[in-house]
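# Summary of structural features
Now for the letters of each chain:
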Amino acid sequence: MPSNPVAGRNRPVVVVTGASAGVGRATALAFAREWGAAVGLIARSREALEEVAAEVERLGGAALVLPADVADAEAVEAAAGQAERTLGSIDVWVNNAMVTVFGRIRDLTPEEVRRVTEVTYLGSVHGTMAALRRMLPRDRGLILQVGSALAYRSIPLQAAYCGAKSAIRGFIDSLRSELIHDGSRLQVTMVHLPAVNTPQFDWARSHMPKRAKPVGAIFDPDDIGRAIVRAAADPKREHWLGFTTAEAILGTQALPAYADYRVAFTAFEGQETEETEAPNRPDNLFEPVPGLHRTHGRFTGQEERLSLSTTGTAARGFAFLAGLAVVGGLGYAARAALRKERA
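This report concerns the structure included in the present document. (Residues numbered from 1 in each chain as written. Predicted model: local features only at pLDDT ≥ 70, side-chain atom pairs only at ≥ 80, totals over all residues. Heavy atoms only, no water.)

## Let's talk about helix α4 (residues 110-138)
Each α-helix winds once per 3.6 residues, and so residues spaced three or four apart point in a common direction. Helix length check: α4 (29 residues) gives 41 Å between terminal C-alpha atoms against 42 Å at 1.5 Å per residue, within 8%. Taken as a whole, α4 carries its principal kink of about 40 degrees at Leu122. Just beyond α4, the residue with positive phi is Asp139, at close to 60 degrees. (Helix = DSSP H or I, 4+ residues; strand = E, 2+ residues; numbered from the N terminus. Expected span 1.5 Å × (residues − 1). Bend = angle between axes of the 7 residues up to and from the residue.)

Have a look at this one:
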């Protein structure tokens, strides 16, 4: 088992929200495989969670099914309490649950935006607060927030989701500062993801005429799950997974106006396939969709391997040095030209 922040315990206890499918499912399985963890599984569908629990146990972990809607703060609190009573004190809490709606802002309803916000943003808030109630008195534990490149670089057709992910980043930054001020030994890390091949693109609500697809390079959720476990073992301030994540974040920070134009002319068609969207198909915005709870989406075979994982600090440092090199080169060229003119 690789090193982890709870290495002294025989079976670390990890809670994962959104554990029934996609990145959450891959993460739960990775903790079971690599840490032998006892995993509390939170999502809305009990049937899907029972499938994940069987996989967790087959891989050598222990599992507890905790059906709950993370938009319900009381349900999340109850799930956290049950996890501790059954599995033991929680060592790692992973906020991962999300929903989204594809479509232009003008086509969204207030109810849709509210629901995305309640699940994706407030769901993370509820999970974080439930974890804090248990970790603060012990002065140990890790809260791992699954973020996104879209927390830094919003794109068209996913405004509600981008807004929620940006809000999470602000919330976690505030929490981190409070913990530093109090001298707490709790750890907080954010793992920002690229586009991932999950069922999200099959069951998310959509107002687009064509079926949705990930924008840019697509990555394997199993690779992402393993990377999240590595981030839990070595929690930095932020982890950026995939070259496209670093590109999106650094590009936005360096040239935000250019990034606005770039996504304006690439991210519309980049999020649509050539297939017509089925009208009135079931979606998971308000209720689970039976039969689609799995780790991978329909883009298997188009995935790229996760070859780059870096911390935000390291990536920003590299960008800063690169910027200095460019500025230094320009300065050298200007001085050489001036000397030549004077000569």
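Here the narrative resumes.
## What about the packing of helix α3 (residues 73-87) against α4?
At a minimum axis distance of 8 Å, the contact between α3 and α4 shows a crossing angle of 40 degrees. One element, α3, and the other, α4, form an angle in the oblique class. Between α3 and α4 the crossing geometry is right-handed. The residues of α4 that touch α3, namely those facing Ala73, Val76, Glu77, Ala80, Gly81 and Glu84, are His126, Gly127, Ala130, Arg133, Arg134 and Arg138. Looking at the contact of α3 with α4 residue by residue, the class counts come to four nonpolar, three polar and five charged. (Axes fitted to C-alpha atoms, helices over the stretch in contact; angles between N-to-C directions. Parallel < 35°, antiparallel > 145°, perpendicular 65-115°, else oblique. Left-handed = near helix turned anticlockwise from the far one by under 90°. Contact = heavy atoms within 4.5 Å. Nonpolar A, V, L, I, M, F, W, Y, C, P; charged D, E, K, R; others polar.)

## Points about the pairing of strand β12 (residues 238-241)
Of the two faces of β12, both are covered, the one formed by Glu238 and Trp240 as well as the one formed by His239 and Leu241. Examined bridge by bridge, strand β7 (residues 187-193) and β12 share three bridges and lie parallel to one another. The residue bridging Val191 from the neighbouring strand is His239, located in β12. (Buried < 20%, exposed > 50% of the residue type's maximum accessible area, 1.4 Å probe, protein only. Pairing = 2+ DSSP bridges.)

## Quick look at the pattern of salt bridges
With the rule as written, the count across this model stands at 23 salt bridges. A salt bridge links Asp202 to Arg298, with the shortest nitrogen-to-oxygen separation between them at 2.5 Å. In this pair, Asp202 sits in helix α6 (residues 200-203) while Arg298 sits in the loop between β13 (272-276) and β14 (303-304), placing the two residues 96 residues apart along the sequence. Its relative accessible area of 11% is what places Asp202 among the buried residues. Judged by relative accessible area, which is 25%, Arg298 ranks as partly exposed. (Salt bridge = Lys/Arg side-chain N within 4 Å of Asp/Glu carboxyl O.)

## Thoughts on the environment of Val39
With respect to the secondary-structure elements, Val39 resides in strand β2 (residues 38-43). With ten residues separating them along the chain, Val39 and Leu29 place their C-alpha atoms 8.8 Å apart.

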